Amino acid sequence: MIQPLAYIHPQAKIADNVVIEPFVTIHKDVEIGEGTWIGSNSVIMDGARIGKNCRIFPGAVVSAPPQDLKYKGEQSTVTIGDNTTIRECVTLNRGTALDKNTTTIGSNCLLMAYVHVAHDCVIGDNVIVANAVQLAGHITVYDYAFIGGSSAVHQFVEIGAHSMISGGSLVRKDVPPYTKAGREPLSYVGINSVGLRRRGFSATTIAEIQEIYRIIFLKKYNVTKALDIIEAEFTPSVERDEIINFLQNSQRGIMKGFGNT
């Protein structure tokens with residue numbers, strides 16, 4: 001259903017059962033999958049690739065040119081997976097040729113009102129980004145992460161899978177998987193045990209994750225020494241290896257441990 005007061009470029013690719021409300025603007029180089037709903041006063045700009053059964057609420061701007069002075073008008077995209085909800089006044093900027101050339105939002109995500117996702121970000125599946133969170137360019141957010149409202153995340157930061165960041169945080173360093181982060185400066189405040197239980201992690205696995213992070217954050221070791229101990233004392237597992245790989249590949253360094261200054 002397409003309302004007559006909406007503007008849709010004749011070359012945009014819109015599935016048959018997409019609902020487009022009045023006063024929507026859809027540009028030429030746009031693809032929208034079946035079952036998606038586009039709310040009034042949304043603007044879907046060139047480069048948008050929107051999946052199936054998404055919900056784009058009023059005032060959202062999808063695939064605007066990046067706010068990056070190095071951007072020279074090259075073709076690039078924003079890709080949104082299936083079943084993702086983009087709430088009111090969210091802004092999603094497309095990628096740049098100097099990095100990924102695309103900004104990616106996964107499936108089953110919820111981006112609450114006034115979120116900004118800058119160029120070349122990659123957001124995984126089942127991610128929740130609460131109201132007014134601001135993501136700078138080149139950020140990676142892994143599956144099932146939660147970012148609390150009004151947080152600001154520095155460019156190139158990585159936020160690990162199943163992690164949880166408290167509202168109002170300034171995220172300047174990488175946040176490892178399975179952790180909770182809070183305080184100022186952002187610090188380790190435990191593992192996301194409630195979220196892990198809800199997603200079916202066993203009590204044994206949760207206890208092992210907790211022991212690994214005690215070594216990393218509470219024993220006062222440097223990261224290299226902590227990783228040596230973890231590799232020597234813990235049997236390889238998906239969770240152990242994910243933590244090790246995240247720390248080994250961190251470019252900005254990880255957040256502080258509890259009580260560290």
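See above for the structure.
Just so we're clear, the structure is a prediction, and the values are computed from it rather than from any experiment. (Residues numbered from 1 in each chain as written. Predicted model: local features only at pLDDT ≥ 70, side-chain atom pairs only at ≥ 80, totals over all residues. Heavy atoms only, no water.)

Trainee: Quick one: what's the story with the pairing of strand S11 (residues 77-80), residue by residue and with numbers?
Mentor: The sheet contact formed by strand S8 (residues 48-50) and S11 spans 3 bridges and is parallel. Bridging across to S11, Ile-50 finds its partner in Ile-80. Relative to strand S14 (residues 102-105), S11 runs parallel, the two sharing 4 bridges. Residue pairing across strands places Val-78 opposite Thr-103, the latter belonging to S14. (Pairing = 2+ DSSP bridges. Helix = DSSP H or I, 4+ residues; strand = E, 2+ residues; numbered from the N terminus.)

Trainee: So what's going on with the environment of Val-62? Which residues, and what values?
Mentor: Of note, Val-62 is situated in strand S10 (residues 61-64). Those residues in contact with Val-62, other than ones at most four positions away along the chain, are Val-43, Ile-44, Met-45, Ala-48, Ile-50, Ile-56, Val-78, Ile-80 and Leu-92. (Contact = heavy atoms within 4.5 Å.)

Trainee: If you had to explain the sheet that holds strand S22 (residues 152-153) to someone new, which residues and values would you point to?
Mentor: Strand order in the open sheet formed by 9 strands is S1-S4-S7-S10-S13-S16-S19-S22-S25, with parallel pairing between adjacent strands. Edge positions in the open sheet fall to strand S1 (7-8) and strand S25 (170-171), since each of these has one partner strand only. Bridging between S10 and strand S13 (residues 91-93) involves 3 bridges; their strand directions are parallel. Note that in S13 the partner of Ala-64 across the bridge is Asn-93.

Trainee: Quick rundown of helix H3 (residues 223-233)? Include the residues and the values.
Mentor: Where H3 is concerned, the buried positions are Ala-226, Leu-227, Ile-229 and Ile-230. The buried residues of H3 occupy an angular sector of 160° when the element is viewed end-on, so they sit on one face. Across from the buried face of H3, at angles greater than 90 degrees, the exposed residues are Thr-224 and Ala-232. If you follow the buried residues of H3, they end up packed against helix H2 (203-218) and helix H4 (238-249). Among the residues of H3, the N-terminal cap falls to Asn-222, whose side-chain oxygen and the backbone nitrogen of Thr-224 are separated by 3.3 Å. (Buried < 20%, exposed > 50% of the residue type's maximum accessible area, 1.4 Å probe, protein only. Arc of directions from axis to C-beta. Polar contact = N/O pair within 3.5 Å; in protein donor to acceptor, adjacent residues only side chain to side chain.)

Trainee: Before we move on, can you summarise the side chain of Asn-93 with the specific residues and values?
Mentor: Within the secondary structure, Asn-93 is located in strand S13. For Asn-93, a relative accessible area of 3% puts it in the buried group. There is a polar contact of 3.2 Å between the side chain of Asn-93 and the side chain of Gln-67. Ignoring sequence-local partners within four residues, the contact set of Asn-93 consists of Ala-64, Pro-65, Pro-66, Gln-67, Val-78, Thr-103, His-116, Val-117, Ala-118 and His-119.

Trainee: Quick rundown of the sheet that holds strand S9 (residues 55-56)? Include the residues and the values.
Mentor: Consider a sheet: its strands pair through backbone hydrogen bonds, and that pairing is either parallel or antiparallel. The strand order S3-S6-S9-S12-S15-S18-S21-S24-S26-S27 describes an open sheet built from 10 strands, whose pairing is mixed. The open sheet terminates on both sides in strands that have one partner only, identified here as strand S3 (19-20) and strand S27 (187-191). Across 2 bridges, strand S15 (residues 110-111) lies against strand S18 (residues 128-129) in parallel orientation. Across the sheet, residue Leu-110 finds its bridge partner in S18, namely Ile-128.

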